[in-house]
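Listed below are the residues making up each chain.
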Amino acid sequence: MYRLSHTVRCPVCGVEFRPTVGYLKGDEAEVMCPNGHIFTVSVPNGDSVLDCEIRDWERFGLLPQATQQAVLEVIQSGKVPNELQALMRRLKEIGVVVCT
Amino acid sequence: MKLVEELNVLRYYKPFIEAFGGVKQVRTALRWSEWYAVKWWEEVYNDLGLQSIRESVFARALFISLKIRDYVREDGNIKKRPEKPEYPTNSYAMEFVDLHESFDRIGAVNVAANKADENTLAVLYSTMLSQGWYRILRQTFLRLMEIERYPAVFEPVVKEGHTAAAVMEITTPKMYIGFDYRRDNVELASATLRTRPGECGGGICIFQAPTACDAVKIARRYAPSGVDAVLMLHTLYWLLDPVKELTCISQIIGPGGKLLVGQQVVESTPGLIAIVTSFGAKHVFSWKGVEQILRSAGYQLSKRYLKYMPYYIAVWEPKRS
Ligand SMILES: [Zn+2]
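Below is a summary of the structure that appears in this document.

Quick notes on the rules
- Residues numbered from 1 in each chain as written.
- Chains lettered and ligands numbered in written order.
- Predicted model: local features only at pLDDT ≥ 70, side-chain atom pairs only at ≥ 80, totals over all residues.
- Heavy atoms only, no water.
- Helix = DSSP H or I, 4+ residues; strand = E, 2+ residues; numbered from the N terminus.
- Buried < 20%, exposed > 50% of the residue type's maximum accessible area, 1.4 Å probe, protein only.
- Contact = heavy atoms within 4.5 Å.
- Areas by Shrake-Rupley, 256 points an atom, 1.4 Å probe, with all protein chains shown as cover.
- Lys, Arg positive; Asp, Glu negative; His and termini not counted.
- Charge placed at Lys NZ, Arg CZ, Asp CG, Glu CD.
- Pairing = 2+ DSSP bridges.
- Donors = N, O, S within 2.8 Å, 3.2 Å for Na, K, Ca; no water.
- Tetrahedral: all angles 85-135°; square planar, octahedral: opposite > 155°, others 65-115°.
- Buried area = accessible area lost by both parts, 1.4 Å probe.
- Salt bridge = Lys/Arg side-chain N within 4 Å of Asp/Glu carboxyl O.
- Polar contact = N/O pair within 3.5 Å; in protein donor to acceptor, adjacent residues only side chain to side chain.
- Axes fitted to C-alpha atoms, helices over the stretch in contact; angles between N-to-C directions.
- Phe/Tyr/Trp six-rings, centres within 6.5 Å; stacked < 30°, edge-to-face > 60°.
- Patch = residues over 30% accessible without salt bridge, like charges linked within 9 Å, V, L, I, M, F, W, Y side chains within 5 Å.
- Core = buried A, V, L, I, M, F, W, Y, C linked by side-chain atoms within 4.5 Å.

Let us look at the overall build of chain A. When you go through chain A residue by residue, the secondary structure sums to three helices and nine strands. Helices and strands in chain A line up, N terminus first, as β-β-β-β-β-β-β-β-α-α-α-β. Structurally, chain A occupies a C-alpha span of about 55 × 25 × 20 Å along its principal axes. Across the 100 residues in chain A, those meeting the buried criterion constitute 43%. Partitioning the contacts of chain A with sequence separation of at least 6, the portion at a separation of at least 24 is 39%. Surface exposure of chain A reaches about 5500 Å², of which carbon and sulfur atoms provide 49%. In chain A, which carries 10 positive and 12 negative side-chain charges, the distance between the mean positions of the two groups comes to 7 Å.

It is worth spelling out the sheet that holds strand β6 (residues 28-32) of chain A at this point. Residues and elements named next belong to chain A. Strands sit in the order β5-β6-β7 across an open sheet of three strands; the sheet is antiparallel. The sheet terminates laterally at β5 (24-25) and β7 (38-42), the two strands that pair on one side only. Direction of pairing for β5 relative to β6: antiparallel, over a ladder of two bridges. Bridge assignment links Leu24 to a residue of β6, and that residue is Ala29.

With that settled, consider the coordination of the zinc ion. The protein atoms that coordinate the zinc ion are Cys10 of chain A (SG), Cys13 of chain A (SG), Cys33 of chain A (SG) and His37 of chain A (ND1), at distances spanning 2.1 to 2.4 Å. Classification of the site at the zinc ion rests on its four donor atoms, whose angles at the metal span 104 to 113°, yielding the label tetrahedral.

Looking now at the interface of chain B and chain A. Each side of the interface is counted separately: chain B has 40 residues, and chain A has 29 residues. Carbon and sulfur atoms supply 56% of the area buried between chain B and chain A, which totals about 2800 Å² over both sides. Counting the surface chain B buries against chain A, the share from its top three residues, Val123, Leu188 and Arg194 of chain B, is 25%. Counting across the interface, chain B meets chain A through four salt bridges. Across the pair Arg90 of chain A and Glu160 of chain B runs a salt bridge whose closest N-O atoms are separated by 2.9 Å. There are twelve residue pairs in polar contact (both at pLDDT 80 or more) connecting chain B and chain A. Elements supplying a minimum of two residues to the side of chain B that touches chain A: α6 (91-106), α8 (118-130), α10 (162-170), β2 (175-180) and α11 (183-193) of chain B.

Residues and elements named next belong to chain B. Take Tyr181: it is sitting in the loop between β2 and α11. Overall, Tyr181 belongs to the partly exposed group, its relative accessible area being 24%. Here Tyr181 is in contact with Val157, Gln208, Ala209, Pro210, Trp238 and Lys282, once residues within four sequence places are set aside.

Here the focus is the sheet that holds strand β1 (residues 152-156) of chain B. All names here are of chain B. Taken together, the seven strands give an open sheet; going across it, the order is β3-β2-β1-β4-β5-β7-β6, and neighbouring strands pair in mixed fashion. Strands at the two margins of the open sheet, each flanked by one partner only, are β3 (204-208) and β6 (299-306). Across the sheet, the mean angle separating the axes of adjacent strands is 20° when strand polarity is ignored.

All told, the structure shown has 23 aromatic pairs over all chains when counted by the stated rule. Measuring from centroid to centroid gives 5.5 Å for Trp57 of chain A and Phe60 of chain A, while their planes differ by 90°, and the two rings are edge-to-face. Of this pair, Trp57 of chain A and Phe60 of chain A both sit in helix α1 (residues 57-60), three residues apart, which is roughly one turn of that helix. In textbook terms, an aromatic cluster arises when at least three aromatic residues are bridged by ring pairs, as seen for Tyr13, Phe16, Phe20, Tyr92, Phe141 and Tyr311 of chain B.

Before going further, it helps to examine a nonpolar patch on the surface. Residues Leu3, Leu7, Leu10 and Val23 of chain B make up a contiguous nonpolar surface patch of about 360 Å² in total accessible area. Considering the arrangement of structural elements, one finds Leu7 of chain B in helix α1 (residues 3-12).

Let us look at the nonpolar core. Among the nonpolar cores identified, the biggest contains 144 residues, and Trp41, Met128, Phe141, Phe154, Leu246 and Leu259 of chain B are the most heavily contacted of them. With eleven residues, the top contributor of residues to this core is helix α3 (residues 23-48) of chain B. Trp41 of chain B has contacts with Leu50, Ser52, Ile53, Ala59, Leu62, Phe63, Leu66, Val72, Gly76 and Ile78 of chain B, leaving out every residue within four places of it along the chain. Residues Val8, Val21, Ala29 and Phe39 of chain A belong to the second largest nonpolar core, which totals eleven residues.

Here is the structure:
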């Protein structure tokens, strides 16, 4: 269970509230407004990859092509899809990706 | 592969094969896994000799899986070499082959001699878990197991939380309990599932425990009447003491509950199983070995889907006496 840090507005009744989300479907979750309307919100994972760059190209070069591509796209967009979150964290931990 | 097994693969693993672009692409990917395994074994054998299989699970995985395929002799010498396959055209098959290539660059001898950089291996493991082919493999397995039929699930060794996340893409379990013995995995899995380690708020409980036996004690607090399914997708070889831990695990399975097993075995893809052992898996099993362990731990077979291709898949349940 996870309480979002920001408020959302219910598309049905317009009420603003801070939702609590349970299970995630990818990067989204269903929430219910105080008036009982159910809708989907996006749940960012909070991992920032803004101002990041590849620092250790030698190690980065060991990764499969498609993975290299995916990591570069993540850095460019600043958004980490759920399935790449663990990999991005590990790359940061060992200094392959460095964020300022 | 025997005909019956081959028919079962087509029957039960169709979505996976289709995603791979058909049987031919799957075969090409498998042939690459064999080709790399032979290459790696040759390098390890030339450098470290046959005794490497006593010191390294990685070398043992290579040796056993190649011996049963008749590529190596008892003494470790190469008996025959597979022809280098064509590069696949399907993107999932490519990813699978590229994983082998990446691993090849770390160096089989380095890995067998325990000299490979652990962080690089951890990153490669993370890479594998995030690859598209692995995602399809997970989904196919969970759909085959009809995971939505089980409201309360216990997953020993959650790794980075990808399997749990895949379950939640399919269904919304009432309760999902998972543990890992590694702190980093517990944190990664919790982040993936947007929960906090050790907290058990909205039905997802991820925590750290040294063994499955310790984990079951904790899990019982969350699920006093037991769970409906224990999910073990490529998890058996991570258990330090499989029989003992599986015996403990049976105590968290409630009435009518099942143990859902998917496990790479030595009869599966030789290169891949060797790669996974390099990531820290503790054992290599044959499919019969898997069944022996489960029987010794007090389980009985409920249904076997596949013996080894692409990996062992079966449903077991605790033997009720
Ligand atoms: Zn509303």
